[in-house]
Amino acid sequence: MRIIHTADWHLGKNLEGMSRLEEQAEFLEDFIRIVEENRADLVIIAGDVYDSFTPSAKAEILFYNTLKRLSKDGERLILVIAGNHDSPDRLVAAWPLAQPHGIIMLGTPKSTVPIGTYGRHEVIKSEPGIVEVIIGEEKAVIAAIAFPSEKRLNEVLYLGTDEDEEKLESYEARMIQLFTELEKNYRDDTINLLVSHIFVMGSEESGSERSIQLGGSYLINSSIFPKKAQYIALGHVHKPQIVPGTDGKARYSGSPIHYNKTEINFTKSVERIDVVAGQEAVIERIALPVYKPIEVWKCENYSEALAKCEEKKGESSWVYLEIKTDEYIREDQIKELKLLKKDILSIRPITSEDIKREEMINDHRTQSFEELFQAFYIKQNKVEPSEETKETIYKLYYGEDYDNEAN
């Protein structure tokens, strides 16, 4: 079976108030082509289809038209789960129309889908978090966990339970309980998959995700994933990556577009997975182009900024413009720059004080804790700290194992 895994489309998302729908439509054309060229049997969309609970009509039309073309009248199976940005009810509302096209949609961890025909495929078992499906000549057991918030996780684990003490376990403990129950459905003669929208410890956020975990409460350790899962398709993190400690089988496909300037230094992609029952999956990353780059222009003065806008005025790019100056940037100058380069997102004056502050921050990043503490102490008290004071502070920072002579 060949699978294409993607996630975090965020249809309808804006950048500084500017629409990205045109770029998203370009990606979806590419994605349909990738799925076709790779002759995929199953497409997995691991959450955050939309950027908000109330997407625009244009975003919804784009999504549904894409699903219809991907499915090829039910020839290909599509599995979609809700992410933290999606409204579960809104996402799955179209399932009666989606089912004949081979599209399965799951809104919450407790969601079930009707057993029956989905396009040219057959769902033969369905219970909260589990779908067993026949795709061609293969059987796949898919543990599909849409974004598991605290409330939604309790709904699937404690159905009909009123004992408060049973609900006092940590988030991770409850996820372990859920994974343990779902793993019982995996068999040696089936392709065993896990799909979820969740944050795993050790994964690298790009900075543009609106965090789904509060105080670390939604974090899980990769060691708790079901060992029998042959591939684990994840959504939420926008940087494509392998989850540490999973032997390469748990992956974030990442978002398909650079949604923030913190994302511009890594390539966007989707994952292609070839897998048969009882064997390790063969996984390949398929790179995506940059549809409209986000750029940060750092200019030494206004004249340089004006010249760059003139030079690049015909190029398609989103621009954050930074200009070194100790003078106020006038309204007429801003208009002049934006008249030349229409896709400037912001114009930020960088003063000499800003430069000094940044240099100080960078300098502090290279200093040890001891150097930072001593500098702070001297600034506050006008004298150097005593050895006793330093040892007390260092033990608080490093713990009781702090060795004064070693440090």
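Calculation criteria
Residues numbered from 1 in each chain as written. Predicted model: local features only at pLDDT ≥ 70, side-chain atom pairs only at ≥ 80, totals over all residues. Heavy atoms only, no water. Core = buried A, V, L, I, M, F, W, Y, C linked by side-chain atoms within 4.5 Å. Buried < 20%, exposed > 50% of the residue type's maximum accessible area, 1.4 Å probe, protein only. Helix = DSSP H or I, 4+ residues; strand = E, 2+ residues; numbered from the N terminus. Phe/Tyr/Trp six-rings, centres within 6.5 Å; stacked < 30°, edge-to-face > 60°. Lys NZ or Arg CZ within 6 Å of the ring centre and 35° of its normal. Axes fitted to C-alpha atoms, helices over the stretch in contact; angles between N-to-C directions. Parallel < 35°, antiparallel > 145°, perpendicular 65-115°, else oblique. Left-handed = near helix turned anticlockwise from the far one by under 90°. Contact = heavy atoms within 4.5 Å. Nonpolar A, V, L, I, M, F, W, Y, C, P; charged D, E, K, R; others polar. Pairing = 2+ DSSP bridges. pLDDT = per-residue confidence, 0-100. Polar contact = N/O pair within 3.5 Å; in protein donor to acceptor, adjacent residues only side chain to side chain. Expected span 1.5 Å × (residues − 1). Salt bridge = Lys/Arg side-chain N within 4 Å of Asp/Glu carboxyl O. Arc of directions from axis to C-beta.

Trainee: Account for the nonpolar core, naming residues and giving values.
Mentor: L42 and F63 are the most contacted members of the largest nonpolar core, which has 63 residues in total. The dominant element in this core, judged by the number of residues it contributes, is helix α1 (residues 21–37), at seven residues. Among the nonpolar cores identified, the runner-up in size contains 29 residues, and A143, L178, I224 and A229 belong to it.

Trainee: Lay out the packing of aromatic side chains with the relevant residues and their values.
Mentor: Applying the stated criterion across every chain yields a total of eight aromatic pairs. Taken together, a centroid distance of 5.6 Å and an interplanar angle of 35° make the contact between F27 and F31 tilted. One end of the pair is F27 and the other is F31, both in helix α1 and four residues apart, which spans about a single turn. Ring centres 5.5 Å apart and planes at 75° place the aromatic pair Y50 and F63 in the edge-to-face group. Note that Y50 is positioned in the loop between β4 (42–46) and α2 (57–71) and F63 in helix α2, a separation of 13 residues in sequence. Given the relative accessible area of 3%, Y50 is considered buried. Grouped by ring-pair contacts, the aromatic residues W9, F27, F31, Y50, F63 and Y64 constitute a single cluster. Its guanidinium or amino end placed over the ring of Y320, K261 lies 4.4 Å from that ring's centre, counting from NZ or CZ. Just above the ring of W318 sits the side chain of K292; from NZ or CZ to the centre is 3.7 Å.

Trainee: An account of the packing of helix α5 (residues 150–157) against helix α6 (residues 171–183) is needed here, citing residue identities and associated values.
Mentor: Between α5 and α6, whose axes approach to 11 Å, the crossing angle comes to 40°. Taken together, the axes of α5 and α6 are oblique relative to one another. For the pair α5 and α6, the crossing hand works out as left-handed. Together, E150, L153, N154, V156 and L157 of α5 and Y171, R174, M175, Q177 and L178 of α6 make up the contact between the two elements. In the contact of α5 with α6, the residues fall into six nonpolar, two polar and two charged.

Trainee: So what's going on with the sheet that holds strand β18 (residues 282–287)? Which residues, and what values?
Mentor: Pairing is mixed in the open sheet, where six strands are placed in the order β6-β5-β4-β1-β17-β18. Of all the strands in the sheet, just β6 (103–106) and β18 have a single pairing partner and so form its edges. Adjacent strand axes in the sheet meet at a mean angle of 20°, parallel and antiparallel pairs treated alike. Across the sheet, α1 touches β1 (2–6), β4, β17 (269–274) and β18, and the angle it forms with β1 is around 165°.

Trainee: Talk me through the confidence of the model for the chain; I want residue IDs and the actual numbers.
Mentor: Within the chain, residue pLDDT values average 89, and 88% of them lie at 70 or more. Contacts for the low-pLDDT stretch residues 211–216, under 50 throughout, to residues beyond four places or in other chains number 13 contacts.

Trainee: Requested: an account of the side chain of T66, with residues and values cited.
Mentor: Assignment of secondary structure puts T66 in helix α2. A polar side-chain atom of T66 sits 2.7 Å from the main-chain carbonyl oxygen of L62. Leaving out residues up to four positions away in the same chain, T66 has contacts with W9, L28 and I32.

Trainee: I'd like a description of α1, backed by residues and values.
Mentor: For α1, with 17 residues, the first-to-last C-alpha span of 24 Å sits near the 24 Å given by 1.5 Å per residue. Along α1, the positions that sit buried rather than exposed are L21, E23, Q24, F27, L28, D30, F31, I32, I34 and V35. Where α1 ends, the next residue or the one after it, R39, has phi of about 50°, a positive value.

Trainee: Mind laying out the pattern of salt bridges, listing which residues take part and the relevant values?
Mentor: Scanning the entire structure with this criterion turns up 26 salt bridges. A salt bridge links E322 to R348; the nearest nitrogen and oxygen atoms lie 3.6 Å apart. Taken together, the residues span a long stretch of sequence, with E322 in strand β20 (residues 318–324) and R348 in strand β21 (residues 344–350) at a distance of 26 residues. The network of salt bridges with shared partners includes E36, K72, E75, R76 and R120.

Trainee: Let's hear about α6: which residues, and what values?
Mentor: With 13 residues, α6 extends 18 Å between its outermost C-alpha atoms, agreeing within 8% with the 18 Å of an ideal straight helix rising 1.5 Å per residue. Taken together, the buried positions of α6 are occupied by Y171, R174, M175, L178, F179, L182 and E183. Looking down the long axis of α6, one finds its buried residues gathered within 165° of arc, a one-sided arrangement. Tucked into the core, α6 has its buried residues touching β9 (130–135), β10 (138–145), α5, β11 (191–197) and β13 (219–220).

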